[in-house]
There are 2 protein chains.
Amino acid sequence: MSNKTSPWSKDWYKEHDPIYIATDCIIFGFDEGILKLLVFKRRVEPQKGAYSLIGSFVKLNESVTDAAKRVLEEITGLKNVFMEELRTYNEVMRDPGYRCISIGQYALIRISDYDNELVEKHGAIWYPFNELPELVLDHDIMVKDALTRLRRKARYQPIGFELLPEKFTIPQLQNLYEAIYQKQMDSRNFRKKVLSFGVLIKLNEKDKLSSKKGAFLYKFDYDKYQQLVASGINFEV
Amino acid sequence: MSNKTSPWSKDWYKEHDPIYIATDCIIFGFDEGILKLLVFKRRVEPQKGAYSLIGSFVKLNESVTDAAKRVLEEITGLKNVFMEELRTYNEVMRDPGYRCISIGQYALIRISDYDNELVEKHGAIWYPFNELPELVLDHDIMVKDALTRLRRKARYQPIGFELLPEKFTIPQLQNLYEAIYQKQMDSRNFRKKVLSFGVLIKLNEKDKLSSKKGAFLYKFDYDKYQQLVASGINFEV
DNA sequence: GCAAAAGTGTTTGACGTACACCCATGG
DNA sequence: CCATGGGTGTACGTCAAACACTTTTGC
């Protein structure tokens with residue numbers, strides 16, 4: 001199976017086997033109180049019609065991160081999205097086509113911001129997390145891994161904000177955490193906790209969409225957050 | 001820069017660029033109360049004489065995990081070592097030789113068990129963590145990442161045991177944690193905490209090497225640990 | 001008998017958790 | 001005027017952190 005020919009000239013590398021590298025994006029969104037995932041209905045063979053994550057091969061002249069950013073922008077129109085490497089999926093037989101290692105990356109999207117036309121044009125669909133169809137290859141495992149990571153990560157870093165609009169209310173934030181952890185939380189304790197970190201700026205506006213009284217909007221204080229992290233503070237929600 | 005020729009036949013893959021994949025191992029050991037790392041003095045070009053981590057290219061017919069296990073056994077003689085993927089190092093220019101992505105994996109070794117002859121034969125050296133020489137490429141970053149991960153991981157999983165002999169004393173265990181976190185701990189609180197999990201089995205033997213009174217030996221109860229994890233218990237040391 | 005490490009309990013403060021009522025407003 | 005979600009405070013228990021002395025034994 002080892003292939004000693006190589007398209008490249010340097011002798012030192014020649015003895016080794018180059019491998020195809022892909023990256024697959026596990027893209028989370030939060031909308032109408034539910035956690036969603038952006039999946040893709042394949043319009044070409046192989047496995048036409050099946051659902052998969054959004055991914056791409058990594059090119060010789062781009063980093064894996066760049067590849068993922070490229071795909072993400074292609075499909076959602078968004079740049080500067082929160083994204084993080086999950087792990088590699090490197091089993092020899094994971095892809096029946098040919099030996100191909102995929103690097104899973106999960107991304108958090110402000111679902112209010114993405115370009116819906118682009119998304120539809122590419123055959124991508126936002127699926128509620130609890131109603132996901134089966135996905136090709138090992139993509140189901142990637143999704144499971146990503147949720148595990150999101151849950152762990154959200155406990156000690158306030159990444160929840162990445163999924164919400166810039167201005168959000170405390171009840172919205174609580175809904176998000178309830179969706180991530182799939183459990184109800186006490187509103188008094190939740191509010192106390194998130195405000196105690198001192199990284200939320202209360203605005204003079206209210207959001208009246210979900211109640212008659214209206215809830216105050218807040219925004220995330222990135223500078224303050226950086227300071228606190230630098231001084232070694234621990235966030236746990 | 002894109003290279004459209006390919007050594008493989010399937011058309012679908014032909015359009016893409018295969019890339020070299022390597023894995024580098026960040027191997028921790030614990031000896032004489034200090035945390036150590038297994039590094040390697042290169043005996044061939046490029047960078048002959050420089051220090052690096054131990055690594056290998058990943059072959060077409062092996063998974064990344066298998067590749068790392070292969071290297072690890074080659075150099076230490078050990079199988080069944082605790083090992084975990086760290087992350088990928090995928091910058092386009094990280095390796096001046098050719099485009100090569102490396103997958104960092106960290107491993108924990110019982111320093112009492114490894115085969116010293118093998119290690120020396122391969123030019124590998126155990127270095128105290130605080131006196132590491134500069135390493136080639138981005139290996140310094142890998143080491144830093146691995147330590148960060150080890151610290152985080154050791155907080156909620158009892159992986160410390162992987163670095164100690166099968167039978168160990170509580171003071172030894174405390175030394176290890178002090179080495180990992182680089183801070184002193186209170187022996188009464190430490191003992192109380194680790195015993196409270198109920199995953200240590202007290203033996204009827206004492207270790208007299210480090211004190212006249214002698215300290216009781218314990219061993220780790222893997223079964224009990226599995227049960228507790230399954231029932232959702234949280235370990236925090 | 002003394003030096004050196006092992007082993008043992010208690011007190012205090014912080015924080016997580018549980019819990020119930022009033023407020024503001026659109027309809 | 002009432003239904004709906006927003007907002008607030010307190011009491012209790014748990015657990016982490018601080019802290020000092022006795023025990024054993026090789027030399």
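Since this is a predicted model, take the numbers as computed values, not measurements.

Criteria and cut-off values
- Residues numbered from 1 in each chain as written.
- Chains lettered and ligands numbered in written order.
- Predicted model: local features only at pLDDT ≥ 70, side-chain atom pairs only at ≥ 80, totals over all residues.
- Heavy atoms only, no water.
- Domains from an automatic or database assignment.
- Buried area = accessible area lost by both parts, 1.4 Å probe.
- Polar contact = N/O pair within 3.5 Å; in protein donor to acceptor, adjacent residues only side chain to side chain.
- Helix = DSSP H or I, 4+ residues; strand = E, 2+ residues; numbered from the N terminus.
- Nonpolar A, V, L, I, M, F, W, Y, C, P; charged D, E, K, R; others polar.
- Axes fitted to C-alpha atoms, helices over the stretch in contact; angles between N-to-C directions.
- Parallel < 35°, antiparallel > 145°, perpendicular 65-115°, else oblique.
- Contact = heavy atoms within 4.5 Å.
- Near = heavy atom within 4 Å.
- Left-handed = near helix turned anticlockwise from the far one by under 90°.
- Pairing = 2+ DSSP bridges.
- Phe/Tyr/Trp six-rings, centres within 6.5 Å; stacked < 30°, edge-to-face > 60°.
- UniProt positions renumbered as here; feature names shortened; annotations may be inferred.

For the domain arrangement of chain A, give the residues involved together with the corresponding values.
Residue and element names in this part refer to chain A. We note that the domain assignment places domain 1 (10-154) and domain 2 (157-231) within chain A. Taking only C-alpha atoms, the centre of domain 1 and the centre of domain 2 are 28 Å apart. Both faces considered, domain 1 and domain 2 share a buried interface measuring about 1,600 Å² in area, 61% of it formed by carbon and sulfur atoms. By the criterion of area lost to domain 2, the three top residues of domain 1 are Phe 30, Arg 110 and Arg 151, representing 40% of everything that side buries. For the interface between domain 1 and domain 2, the tally reads five residue pairs in polar contact (both at pLDDT 80 or more). Those elements that place two or more of their residues in the side of domain 1 that touches domain 2 are strand E1 (18-31) and helix H4 (139-156). In terms of residue count, the dominant contributor to the side of domain 1 that touches domain 2 is H4 (five residues). A class-by-class count of the residues in the side of domain 1 that touches domain 2 yields 10 nonpolar, four polar and three charged.

Go over the packing of helix H5 (residues 170-181) of chain B against helix H6 (residues 187-196) of chain B with me, naming the residues and quoting the values.
Residue and element names in this part refer to chain B. At a minimum axis separation of 10 Å, H5 and H6 run at an interaxial angle of 105°. The angle between H5 and H6 falls in the class roughly perpendicular. Residues Ile 170, Pro 171, Leu 173, Gln 174 and Tyr 177 of H5 form the contact with H6, whose own contacting residues are Ser 187, Phe 190, Arg 191, Val 194 and Leu 195. Looking at the contact of H5 with H6 residue by residue, the classes come out as seven nonpolar, two polar and one charged.

Report on the protein's contact with DNA strand C, specifying residues and quantitative values.
Surrounding DNA strand C, one finds 18 residues, the nearest of these being Arg188(A), Asn189(A), Lys193(A), Arg188(B) and Arg191(B). At 3.4 Å, a backbone N or O of Lys212(A) approaches a sugar or linking oxygen of DNA strand C. Put simply, the parts of the chain that give the surface near DNA strand C at least two residues each are helix H6 (187-196) of chain A together with H6 and strand E10 (215-220) of chain B. Of the residues forming the surface near DNA strand C, the biggest block, four residues, is contributed by H6(A). For the surface near DNA strand C, a count of residues per class yields three nonpolar, four polar and 11 charged.

Talk me through the packing of helix H4 (residues 139-156) of chain B against H5(B); I want residue IDs and the actual numbers.
All names here are of chain B. For the pair H4 and H5, the least separation of the axes is 10 Å and the interaxial angle reads 135°. The angle between H4 and H5 falls in the class oblique. The interaxial crossing formed by H4 with H5 has left-handed handedness. Residue-level inspection shows Leu 147, Leu 150, Arg 151, Ala 154 and Arg 155 of H4 in contact with H5, the latter providing Tyr 177, Ile 180 and Tyr 181. Looking at side-chain class alone, the contact of H4 with H5 contains six nonpolar, no polar and two charged residues.

An account of the sheet that holds strand E9 (residues 200-207) of chain A is requested, with residue identities and associated values reported.
What links the strands of a sheet is backbone hydrogen bonding, and the strands pair in either a parallel or an antiparallel sense. All names here are of chain A. In space, the three strands of this open sheet follow the order E8-E10-E9, with antiparallel pairing throughout. Of all the strands in the sheet, just strand E8 (168-169) and E9 have a single pairing partner and so form its edges. Taken together, the two bridges between E8 and strand E10 (residues 215-220) define a ladder with antiparallel strand orientation. The partner of Thr 169 across the bridge, within E10, is Leu 217.

Provide a residue-level description of the protein's contact with DNA strand D, including the pertinent values.
Close to DNA strand D lie 18 residues, the nearest being Arg188(A), Arg191(A), Lys213(A), Arg188(B) and Asn189(B). One of the backbone N or O atoms of Phe216(A) is found 3.0 Å from a phosphate oxygen in DNA strand D. Sorting the residues of the surface near DNA strand D by element identifies H6 and E10 of chain A together with H6 of chain B as the ones contributing at least two each. Here the residues of the surface near DNA strand D sort into three nonpolar, four polar and 11 charged.

Account for the environment of Asp186(A), with residues named and values stated.
All names here are of chain A. With respect to the helices and strands, Asp 186 occurs in the loop between helix H5 (170-181) and H6. In sequence terms Asp 186 and Gln 174 are 12 residues apart; their C-alpha atoms lie 9.1 Å from each other. Looking at Asp 186, its side chain comes within polar contact range of the main-chain nitrogen of Asn 189, at 3.0 Å.

An account of the packing of aromatic side chains is needed here, citing residue identities and associated values.
Residues and elements named next belong to chain B. Following the criterion strictly, the structure yields 23 aromatic pairs over all chains and no others. Look at Phe 28 and Phe 129: their rings are 5.8 Å apart centre to centre, the planes differ by 15°, and that puts the pair in the stacked class. Of this pair, Phe 28 sits in strand E1 (residues 18-31) while Phe 129 is found in the loop between strand E7 (124-128) and H4, placing the two residues 101 residues apart along the sequence. A centroid spacing of 5.6 Å and a plane angle of 50° characterise the contact between Phe 220 and Tyr 225, whose relative ring orientation is tilted.

Give me the UniProt feature "domain: Nudix hydrolase" (unreviewed entry) in chain A: which residues, what numbers.
UniProt records the feature "domain: Nudix hydrolase" (unreviewed entry) at residues 18-149 of chain A, using the numbering of this structure. Annotation note: span residues 18-149 of chain A, helix share 23%, strand share 38%, distance between end C-alpha atoms 30 Å.

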